[in-house]
Amino acid sequence: MTNVNPSGFSDTQPPWYVTTAIPYVNGKPHIGFAQEIILTDALARYHRLKGDDVWFLTGTDENAFKNVQSAGQEGIPTRELVERNATLFYNLRTVLNLSFNDFIRTSAQPRHREGVEKLWRACYENGDIYKRPYSGLYCFGCEQFYTESELVNGLCPEHLTAPTLIEEENYFFRLSRYADRLQELIESDQLQILPQKRKNEVLSFIRGGLKDFSISRSQARAHGWGIPVPGDAEQVIYVWYDALGNYITALGYAGDAPTYERYWTNNPHRVHVIGKGVIRFHAVYWPAMLLSAHVPLPTSILVHDYVMLNGGKISKSLGNTVDPVEVVERFGTDALRYYLLREIPTTEDGDFTFERFMHAYNSDLADQLGNLLNRVVSMVGRYYDGIVSAPGPLEEVDRGLVETAASLRGRIDASLPRFALDEALDAIWNLIGAANKYVADVEPWTLAKLRKSEGEDSHAGERLGTVLYNLVEALRLVAYHCAPFLPATAEGIAKQLGISIATGEHSRDISREAEEASWGRYPAGTSVQPGGVLFPKIELPK
Ligand SMILES: [Zn+2]
């Protein structure tokens, strides 16, 4: 389950590299990770549709001590637990309709281990790794030491459990050496952090003073699980140091592979999508490790907030989770993609409740979109034997719809670079709303009656053809712009309109992009293909 697409990049298309954080595999995927990987998938598809040569990486963080603990509780070997759960994460590819190019497993692939060893040696040779005794309060859930001031009532702020006092010899990374350089890179946006509030948070953390941090643990505490420290078999590389390395080890950093040169070293778009809980590791520790190793830094870190569950934090240890696989089995992939992309704001906390989910499904997907498609395709069938006629001149009532459709490209293109995918979906639903309003305003059924009494060549006859063309064209543009976000829905709409559409599985030729995205490109004379209902309505419990 690696190298899903072999590297067959084209030199003419700009490279664009995007990653998710790699999740722990001590349990099943939860909905928070589904959100992260769907956001990343939408970005990857969007850029492929813009013609970029995208490399989308995800994978699993398998060297955590937590896996040893979980396997112990189940009474199975750690390797078995990791294999079983990594498969569940890989299988999200089908469940969530993802387009990742590669999947890295940190405990199972030599490219990762060799790359982490190389990264360690590079930092060591630069004088940034040294050994000293350490004692601290450690949360096993987070695999992280906490200072007293970071604890909430003496408890881990993530897990609400009491940390354990750990004492041992560790290797440390000389983070303190990089504070000024990091501050300068982040302030100047050479390392861009979005949104602004997260950039501010990182800068204030750096200004507060950076302390060297532990990057190893004893073999005994690790129970022999993890990557040994090069040259010191008594120590294992700390899981965070190891896991962060995946972003370059997957590309072939160990052997300076062509994929590493293309998607990391010589690429102006090295983008990490992460949750707010791991920002310090990605925006401070990781760039400092790369500075030390003389490796280029990421160019952007895009930080999403959390999916809350019924107003509370989702947490495996709190027993408060939603299984994305079950949601998809009940409601379909795009219903979940839609909810996580639009109803959960990209950079704010958002609430997942089944009540809200079903409401959004019925109202936005079934009523507004599914019903619109169904009505338009049936009217073309009923009034024109299924063939879309060429439009006549536009009238005043048409202009609102045309203008809304024409502004869509610009609105989406303004949202994505700000990491506001929810706003891109707002813009698409704004067009869907405009199309529904247009149906109510122009009343095609009234035009059809008039046409019957006044004839094909009457004003009503010509208007009916124009109105239906406009609705078909609006739906084509909805499908076109939905493609990165709701790929199967985009395909479903296109199929019923009798056309084909790209959904960003592969990079494409963009010479016709501007043309395809502009109004009036639906080929008149095309036959619609009535299909099933796009989003069958859900019966709500009384
Ligand atoms: Zn914790």
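Quantities reported herein were computed from a predicted structural model and do not represent experimental measurements.

Caption draft 1: Fine view of the side chain of Ser99. Of note, Ser99 is situated in the loop between helix H4 (92-95) and strand E3 (102-105). Beyond its immediate stretch of four places on either side in the chain, Ser99 contacts Asp41, Ala44, Arg45, Arg48, Phe56, Arg93, Gly504 and Glu505.

Caption draft 2: Up close: the sheet that holds strand E15 (residues 312-313). Read from one edge to the other, the open sheet built from three strands follows the order E15-E14-E16, with strand pairing classed as mixed. Both edges of this open sheet fall to E15 and strand E16 (350-352), since each of them pairs with a single strand only. In terms of strand pairing, strand E14 (residues 307-309) meets E16 through three bridges, oriented parallel. Within the sheet, the bridge partner assigned to Val307 lies in E16 and is Gly350.

Caption draft 3: Examining the sheet that holds strand E9 (residues 216-218) more closely. With respect to topology, three strands assemble into an open sheet ordered E9-E11-E10, the strand pairing being antiparallel. Single-partner strands in this sheet number two, and they are E9 and strand E10 (228-229). Note: E9 against strand E11 (residues 232-237), three bridges, orientation antiparallel. Paired with Arg217 across the two strands is Val236, which belongs to E11.

Caption draft 4: Focus on the pattern of salt bridges. In total, this model carries 39 salt bridges according to the counting rule given. The closest approach of N and O atoms between Asp305 and Lys197, which form a salt bridge, is 3.4 Å. Of this pair, Asp305 sits in the loop between strand E13 (300-304) and E14 while Lys197 sits in helix H7 (residues 196-207), placing them 108 residues apart in sequence. For Lys197, a relative accessible area of 32% translates into the label partly exposed.

Caption draft 5: How the structure looks around the layout of surface pockets. As a volume, the second largest pocket reaches approximately 540 Å³. Lining the second largest pocket are 25 residues; nearest its centre among them are Phe145, Thr147, Lys211, Asp212 and Tyr285. Those elements that place two or more of their residues in the lining of the second largest pocket are strand E4 (129-139), strand E5 (144-146), strand E8 (213-214) and helix H12 (279-293). Broken down by element, the residue count for the lining of the second largest pocket peaks at five residues, all from E4.

Caption draft 6: Quick look at the pairing of strand E6 (residues 164-173). Alignment of E4 against E6, held across 10 bridges, turns out to be antiparallel. Residue pairing for E6: Tyr138 is matched across the bridge by Thr164. Summarising the sheet, E6 and E8 pair through two bridges and their orientation is antiparallel. Bridge pairing links Phe172 to Ser214 in E8.

Caption draft 7: Spotlight on the environment of Glu456. With respect to the helices, strands and loops of the structure, Glu456 is situated in the loop between helix H18 (444-454) and helix H19 (459-482). Assessed through its relative accessible area of 53%, Glu456 is described here as exposed. The contact partners of Glu456, leaving out residues within four places of it in the chain, are Arg451, Gly461 and Glu462. Separated by 3.3 Å, the side chains of Glu456 and Arg451 make a polar contact.

Caption draft 8: Highlighting the nonpolar core. One finds Leu96, Phe352, Trp429 and Phe485 to be the most contacted residues of the largest nonpolar core, which totals 112 residues. For this core, the element with the most residues is helix H15 (residues 354-384), which contributes 15 residues. If near-sequence neighbours (up to four positions away) are discounted, Phe485 is found in contact with Ala42, Arg337, Leu341, Ile412, Leu416, Leu421, Ala424, Leu425 and Ile428. Grouped together as the second largest cluster of nonpolar side chains are 67 residues, Leu119, Tyr178, Ile274 and Trp286 included.

Caption draft 9: Structural view of the environment of Ser407. Mapped onto the secondary structure, Ser407 falls in helix H16 (residues 396-415). For Ser407, a relative accessible area of 33% corresponds to the partly exposed category.

Caption draft 10: Representation of the packing of helix H13 (residues 324-331) against H15 within the structure. At a minimum axis distance of 13 Å, the contact between H13 and H15 shows a crossing angle of 35 degrees. Handedness of the crossing formed by H13 with H15: right-handed. Where H13 approaches H15, its residues Val327, Arg330 and Phe331 are matched on the opposing element by Phe354, Phe357, Met358 and Tyr361. For the contact of H13 with H15, the class distribution of residues is six nonpolar, no polar and one charged.

Caption draft 11: Inspection of the packing of aromatic side chains at higher detail. Going through the model one piece at a time under the given rule, you end up with 31 aromatic pairs. Look at Tyr17 and Trp264: their rings are 5.9 Å apart centre to centre, the planes differ by 80 degrees, and that puts the pair in the edge-to-face class. Linking Tyr17 in strand E1 (residues 15-20) with Trp264 in helix H11 (residues 258-265), this pair joins segments that are 247 residues apart in sequence. When its relative accessible area of 0% is taken as the criterion, Tyr17 is described as buried.

Caption draft 12: Focus on helix H17 (residues 421-442). Between its first and last C-alpha atoms H17 spans 32 Å; for 22 residues at 1.5 Å apiece the expected length is 32 Å, and the two agree. Two residues or fewer after H17 comes Glu443, characterised by a positive phi angle close to 45 degrees.

Cut-offs used in this document
- Residues take numbers from 1 onward in each chain, read along the sequence in its written order.
- A pLDDT threshold of at least 70 governs which residues receive local features in this predicted model, and a stricter bar of 80 or more applies before side-chain atom pairs are shown or counted, although totals over entire chains, interfaces and linings include all residues.
- As a convention, hydrogens and water are excluded, and side-chain values are obtained from all of the structure's heavy atoms.
- Strands are runs of DSSP state E lasting at least 2 residues, helices are runs of H or I lasting at least 4, and numbering of each runs from the N terminus.
- Contacts: residue pairs with any heavy atoms within 4.5 Å of one another.
- Two strands are said to pair when DSSP picks up at least two bridges between them.
- The term salt bridge refers to a pairing of a side-chain nitrogen on Lys or Arg with a carboxyl oxygen on Asp or Glu at a separation within 4 Å.
- The classification of residues rests on relative accessible area computed with a 1.4 Å probe and restricted to protein chains. Under 20% of the type maximum is buried, over 50% is exposed, and intermediate values are partly exposed.
- Of the two site types, the cavity is a set of points on a 1 Å grid over the protein atoms alone where a 1.4 Å probe fits but cannot get out, and the pocket is an open set with protein on both sides within 12 Å along at least five of seven lines, each lined by residues with an atom within 4 Å of a point.
- Grid points are joined across faces, edges and corners, and a volume is the space filled by probe spheres set on the points.
- The definition of a polar contact used here is a pair of N or O atoms within 3.5 Å, where within protein one atom must be able to donate a hydrogen and the other to accept one, and adjacent residues in sequence count solely through side-chain atom pairs.
- Grouping buried Ala, Val, Leu, Ile, Met, Phe, Trp, Tyr and Cys residues that are joined through side-chain atoms within 4.5 Å yields what is termed a nonpolar core.
- Each axis is a line fitted through C-alpha atoms, taken for helices only over the stretch in contact, and angles between the N-to-C directions span 0 to 180 degrees.
- Take the far helix as your reference; a near helix turned counterclockwise from it by less than a right angle gives a left-handed crossing, and one turned clockwise gives a right-handed crossing.
- Classification used: nonpolar for Ala, Val, Leu, Ile, Met, Phe, Trp, Tyr, Cys and Pro, charged for Asp, Glu, Lys and Arg, polar for all others including Gly.
- Only rings of Phe, Tyr and Trp enter the pairing, Trp through its six-membered ring, and a pair is recorded when the two centres are within 6.5 Å. The plane angle decides the type: under 30 degrees is stacked, over 60 is edge-to-face, the rest tilted.
- What a helix is expected to span follows from its residue count: subtract one and scale by 1.5 Å.

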